[in-house]
Amino acid sequence: MPELPEVETVRRGLEKLIIGTTVTAVNVPYPKVITGDSQAFVTGVMQATFTKIDRRGKYLLLRLSNQHTIVSHLRMEGQYSVEPIGTTPYKHTEIIFELADDRALFYNDTRRFGRMVLATTGHESLVSPSLAKLGPEPTEADLTLPYMINAFSKSKKPIKTFLLDQNQIAGIGNIYADEVLWQSKIHPETPTNQLSKLQLAILRTNIIAEIARAIKHHGTTVHSFSNVFGEVGKFQNELEAYGRVGEPCLRCGTPMVKIKVGQRGTTFCPFCQVKFD
């Protein structure tokens, strides 16, 4: 599933390609991609111009000139691409926005899990309630240490599970959770409320830095992620924990191991990331 760096990479690509373009027609080969009334969705975007592309957690917010916003979640394998108008839809193309400049914005999804919904700008949570519940963005400004001390102290969940909860911190998924826990020398099964203030400070620093570094490398491609230009991410070449089971820890040389934490595959170093009882 695309995590925050991958969604931010898509956002930046869309910003370069479609800002200022106007929707002249909409084709919906797979109506289930739209949550709610698909005809109302189509009517609501017609003749509207893309003015801004925002992101909140893993959600894309495509702002339109008519005070509507398309709330888009890529889920497992959703992808956007911009094609010459008249391009034959791909096997898994779910919706096509024809643009006034003779191009078309395609949304393609091999798994068909992605969804989009039309909202009144500023009231997105009315049609996508999960947006209102998202935790802070993993940035220096939003993810404060006092917030972490307070929020983390209230949970006995394993720290890996806690980090994946979008209501606690927005945008972190399986890959980056493994990475920041390895960097912070924290065992993934450690109860969240057992982390010290020093550990939380280190974890916070690593979360902010890792997400920023992954965005700089245009995200991670493990299975099928590509950006709007059809380019794969490059951060998979920088991973220090995720996907390295059996390989030597880059810090101490101990073979990395993989376990399940909250039903999610989790790779860590059994020597560096010690769990204290």
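An unreviewed UniProt entry annotates the protein as Formamidopyrimidine-DNA glycosylase originating from Leuconostoc falkenbergense. UniProt lists a comment for the protein under the heading Sequence similarities (unreviewed entry), and it reads "Belongs to the FPG family." Recorded in UniProt for the protein, the comment headed Subunit (unreviewed entry) runs: "Monomer."

Colleague: I would appreciate a short explanation of the sheet that holds strand β4 (residues 68-73) in the present structure.
Modeller: The four strands lie next to each other as β2-β3-β4-β8, forming an open sheet whose pairing is antiparallel. The strands lining the two open edges of the sheet, one partner per strand, are β2 (50-56) and β8 (115-120). Strand-to-strand twist in this sheet, taken as the mean axis angle between neighbours without regard to direction, amounts to 20 degrees. Where strand β3 (residues 59-64) meets β4, five bridges bridge the pair, whose relative direction is antiparallel.

Colleague: Would you mind showing me how to read helix α2 (residues 38-45) here?
Modeller: Because an α-helix completes one turn every 3.6 residues, residues spaced three or four positions apart along the sequence face the same direction. Those residues of α2 that fall on the buried side of the exposure criterion are F41, V42, G44 and V45. Looking straight down α2, one finds that the buried residues subtend no more than 165 degrees of arc, so they occupy a single side. Away from the buried face of α2 by more than 90 degrees, exposed residues Q39 and T43 are located. Along its buried surface, α2 packs onto β1 (23-27), β3, β4, β6 (93-99) and β8. Two residues or fewer after α2 comes Q47, characterised by a positive phi angle close to 65 degrees.

Colleague: Looking at this model, I keep getting lost on the UniProt feature "active site" (unreviewed entry) in the protein. Mind explaining?
Modeller: Mapped onto this numbering, the UniProt entry gives "active site" (unreviewed entry) at P2, E3, K58 and R264. Counting through the fold element by element, E3 comes out in the segment before α1 (4-18). Residues contacting E3, with those up to four places away along its chain left out, are K58, G171, I172, G173, N174, I175 and Y176. As for its placement among the helices and strands, R264 is situated in strand β10 (residues 264-268). By relative accessible area, which is 37% here, R264 ends up partly exposed. For R264, the contacting residues outside a window of four places in its chain are L164, N174 and I259.

Criteria and cut-off values
Residues numbered from 1 in each chain as written. Predicted model: local features only at pLDDT ≥ 70, side-chain atom pairs only at ≥ 80, totals over all residues. Heavy atoms only, no water. UniProt positions renumbered as here; feature names shortened; annotations may be inferred. Pairing = 2+ DSSP bridges. Helix = DSSP H or I, 4+ residues; strand = E, 2+ residues; numbered from the N terminus. Axes fitted to C-alpha atoms, helices over the stretch in contact; angles between N-to-C directions. Buried < 20%, exposed > 50% of the residue type's maximum accessible area, 1.4 Å probe, protein only. Arc of directions from axis to C-beta. Contact = heavy atoms within 4.5 Å.

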